[in-house]
2 protein chains.
Amino acid sequence: MKTRDEMLKKMLEDLEIGYLDPDIYHILQALFRRKESFPASSCSGRITVVDALMPWHRKASTVIFKKHSAVEEGEIYFILRSSPPISRLWLVATGPIFHISALTLREATSILKIAREAGMKHSGILSISKRGIFVELKTGIRVTNLLKSGSFVVEDIHEVVRVVNEALAEGKNRLARFYALLTASQKSA
Amino acid sequence: MKTRDEMLKKMLEDLEIGYLDPDIYHILQALFRRKESFPASSCSGRITVVDALMPWHRKASTVIFKKHSAVEEGEIYFILRSSPPISRLWLVATGPIFHISALTLREATSILKIAREAGMKHSGILSISKRGIFVELKTGIRVTNLLKSGSFVVEDIHEVVRVVNEALAEGKNRLARFYALLTASQKSA
């Protein structure tokens, strides 16, 4: 597990290079202001195209497209017309996710309460050890749509693109609620 | 939160009525043998067809088909030919899930360790209160495939049916590993 200083340094480096997702910077800043916890990793929600047998596989899996904002039909058509996948092509939309390292159980449950209220209902404590409490904040937002598999190809991609963009937008709304509740709780603390 | 006796009674009632998923009974028995925890709810993994705007929505959402074993193309064709959905039709495959009520943090982390080893990597503690520690054991296995939405209909369902059946089978394999590790840990304890 990394320390707060290492994670803060990494965030500022990512910001400078332009790697940092602009939808998440203000939230990370608010999280770094907390005394008893800090963010270890995060994603504001994204749309990906994954070449894998199953979308949850990590081995023998390649992310061939990744975007933290709405996709256009042309982008997906371009991928479908490109060279055939090794395995299957999946169009995946996921909601925001945060990993938080907390020093105390009180802080872990406090963060979890804020996340739940913001609609991040799949949040929980992943591990408890001497080095800290590792918390995951997550929504149930997830669409995994088969794009190409064997002889199967989604022909009319208009609707699947619409759906993943809607899913992404729903995730960004929860993120906004999370930020509002987080800063409100810090003002009142 | 329900008590152990209430949950045990409910399981035995479900077993008698024939409601209990046969793939899960032996695992629930093993879990009820533990002294410091008991299962509060469970699912061995399933394939559903859901009529909803988004597959994670609970309001304005209807499960119109549910099966804990492999589906056949004919079953899905039948649904597609039936009356049009209110919203969108999703073909969803999910891996096994357990909710465990633990009396001690030691027991919660011990169960989590077994689940992680069995490949249930999305497991965690959902809440900690005076009444107990609520643990969720879950895999990352999840396919949500759009079947019908507006003018969009999956025409060639052969491949999507194959994929959800594969996903279900992967979940049942993890379930078997979980049972093996669970009983091994109880023999050695």
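All figures in this text were calculated on a predicted structure; none of them were measured in a lab.

**A word on the overall build of chain A**
Okay, step 1: Per the secondary structure count, chain A includes five helices and nine strands.
Okay, step 2: In chain A, the succession of α and β elements from N to C terminus is α-α-β-β-β-α-β-β-α-β-β-β-β-α.
Okay, step 3: For chain A, the spread of C-alpha atoms along the principal axes amounts to about 55 × 30 × 30 Å.
Okay, step 4: Evaluated residue by residue, chain A yields a buried proportion of 42% over its 189 residues.
Okay, step 5: Put simply, of all contacts in chain A between residues at least 6 apart along the chain, 71% involve residues at least 24 apart.

**Quick look at the pairing of strand 7 (residues 132-138) of chain A**
The side chains of a regular strand alternate between both faces of the sheet.
Residue and element names in this part refer to chain A.
Okay, step 1: Most of strand 7 is tucked away, with six of its seven residues classed as buried.
Okay, step 2: Across six bridges, strand 5 (residues 97-102) lies against strand 7 in antiparallel orientation. Counterpart to H99 in the pairing with strand 7 is E136.
Okay, step 3: Relative to strand 7, strand 6 (residues 124-129) runs antiparallel, the two sharing five bridges. In the sheet register, I128 faces strand 7, and the bridge partner there is I133.
Okay, step 4: In this antiparallel pair of consecutive strands, strand 6 and strand 7, the connection spans two residues.

**Some points on the interface of chain A and chain B**
Okay, step 1: If you look at the interface, chain A gives 26 residues, while chain B gives 26 residues.
Okay, step 2: Sorting the residues of the side of chain A that touches chain B by element identifies helix 4 (105-117), strand 6, strand 8 (142-149) and helix 5 (157-188) of chain A as the ones contributing at least two each.
Okay, step 3: Residue contributions to the side of chain A that touches chain B peak at six residues, all from strand 8 of chain A.
Okay, step 4: Looking at the side of chain A that touches chain B, its residues break down into 14 nonpolar, seven polar and five charged.

**So, helix 5 (residues 157-188) of chain B**
Okay, step 1: With 32 residues, helix 5 of chain B ought to run about 46 Å at 1.5 Å a step, and its terminal C-alpha atoms sit 47 Å apart, in line with that.
Okay, step 2: Those residues of helix 5 of chain B lying buried are V160, V161, V163, V164, A167, L168, E170, G171, R174, L175, F178 and L182 of chain B.

**With respect to the relation of the copies chain A and chain B**
Okay, step 1: The two copies are related by a screw motion: chain A maps onto chain B through a turn of 180° and a shift of 0.0 Å along the axis, at an RMSD of 0.0 Å. These values place the two chain copies in the arrangement generated by a two-fold rotation axis.

**A word on helix 1 (residues 4-17) of chain A**
Okay, step 1: Helix length check: helix 1 of chain A, at 14 residues, gives a terminal C-alpha distance of 20 Å against a target of 20 Å (1.5 Å per residue), a fit within 8%.
Okay, step 2: Just beyond helix 1 of chain A, the residue with positive phi is G18 of chain A, at close to 95°.

**Points about the packing of helix 3 (residues 73-81) of chain B against helix 5 of chain B**
All names here are of chain B.
Okay, step 1: Relative orientation of the contacting elements helix 3 and helix 5 amounts to 120°, with a least axis distance of 10 Å. In terms of orientation, helix 3 lies oblique with respect to helix 5. The crossing of helix 3 and helix 5 is right-handed. Packed against helix 3, whose contacting residues are E73, I76 and Y77, the element helix 5 presents I157, H158 and V161 at the interface.
Okay, step 2: Grouping the amino acids of the contact of helix 3 with helix 5 by side-chain chemistry returns four nonpolar, one polar and one charged.

**Here we look at unusual backbone geometry**
Residues and elements named next belong to chain A.
Okay, step 1: The backbone of A60 sits at a positive phi, close to 50°, despite the residue not being glycine.
Okay, step 2: Secondary-structure assignment places A60 in the loop between strand 2 (46-51) and strand 3 (62-67).
Okay, step 3: Given 11 C-beta atoms within a 10 Å radius, A60 is considered exposed.

**Concerning the nonpolar core**
Okay, step 1: W90 and V164 of chain A together with W90 and V164 of chain B are the most contacted members of the largest nonpolar core, which has 53 residues in total.
Okay, step 2: Broken down by element, the residue count for this core peaks at seven residues, all from helix 5 of chain A.
Okay, step 3: Apart from residues lying up to four places away in sequence, W90 of chain B is in contact with V49, V50, A52, P55, T144, N145, L146 and L147 of chain B.
Okay, step 4: By size, the runner-up hydrophobic cluster in this structure holds 50 residues, among which are A40, F98 and A102 of chain A together with I27 of chain B.

**Re the environment of T3 of chain A**
All names here are of chain A.
Okay, step 1: The topology assignment puts T3 in the segment before helix 1.
Okay, step 2: For T3, a count of 13 C-beta atoms within 10 Å puts it in the partly exposed group.
Okay, step 3: Sequence separation between T3 and I128 is 125 residues; the distance between their C-alpha atoms is 16 Å.

**Topic: the environment of K130 of chain A**
Residue and element names in this part refer to chain A.
Okay, step 1: Relative to the assigned elements, K130 resides in the loop between strand 6 and strand 7.
Okay, step 2: The class of K130 is exposed, set by 4 C-beta atoms lying within 10 Å.
Okay, step 3: Spatially, the C-alpha atom of K130 lies 45 Å from that of V161, the residues being 31 residues apart in sequence.

**With respect to the environment of A184 of chain B**
Okay, step 1: The topology assignment puts A184 of chain B in helix 5.
Okay, step 2: For the pair A184 of chain B and G74 of chain B, spaced 110 residues apart in sequence, the C-alpha to C-alpha distance is 41 Å.

**With respect to the confidence of the model for chain A**
Keep in mind that low pLDDT regions are not for reading the predicted coordinates in detail.
Okay, step 1: Of the residues in chain A, 99% reach a pLDDT of 70 or more, and the chain-wide mean stands at 94.
Okay, step 2: Of the two predicted TM-score estimates for the complex, the pTM is 0.93 and the ipTM is 0.90.

What counts, and at which threshold
- Residues numbered from 1 in each chain as written.
- Chains lettered and ligands numbered in written order.
- Predicted model: local features only at pLDDT ≥ 70, side-chain atom pairs only at ≥ 80, totals over all residues.
- Helix = DSSP H or I, 4+ residues; strand = E, 2+ residues; numbered from the N terminus.
- Buried ≥ 20, exposed ≤ 12 C-beta atoms within 10 Å, placed from the backbone.
- Contact = placed C-beta atoms within 7 Å.
- Pairing = 2+ DSSP bridges.
- Nonpolar A, V, L, I, M, F, W, Y, C, P; charged D, E, K, R; others polar.
- Expected span 1.5 Å × (residues − 1).
- Least-squares fit on C-alpha atoms with pLDDT ≥ 70 in both.
- Axes fitted to C-alpha atoms, helices over the stretch in contact; angles between N-to-C directions.
- Parallel < 35°, antiparallel > 145°, perpendicular 65-115°, else oblique.
- Left-handed = near helix turned anticlockwise from the far one by under 90°.
- Core = buried A, V, L, I, M, F, W, Y, C linked by C-beta atoms within 7 Å.
- pLDDT = per-residue confidence, 0-100.

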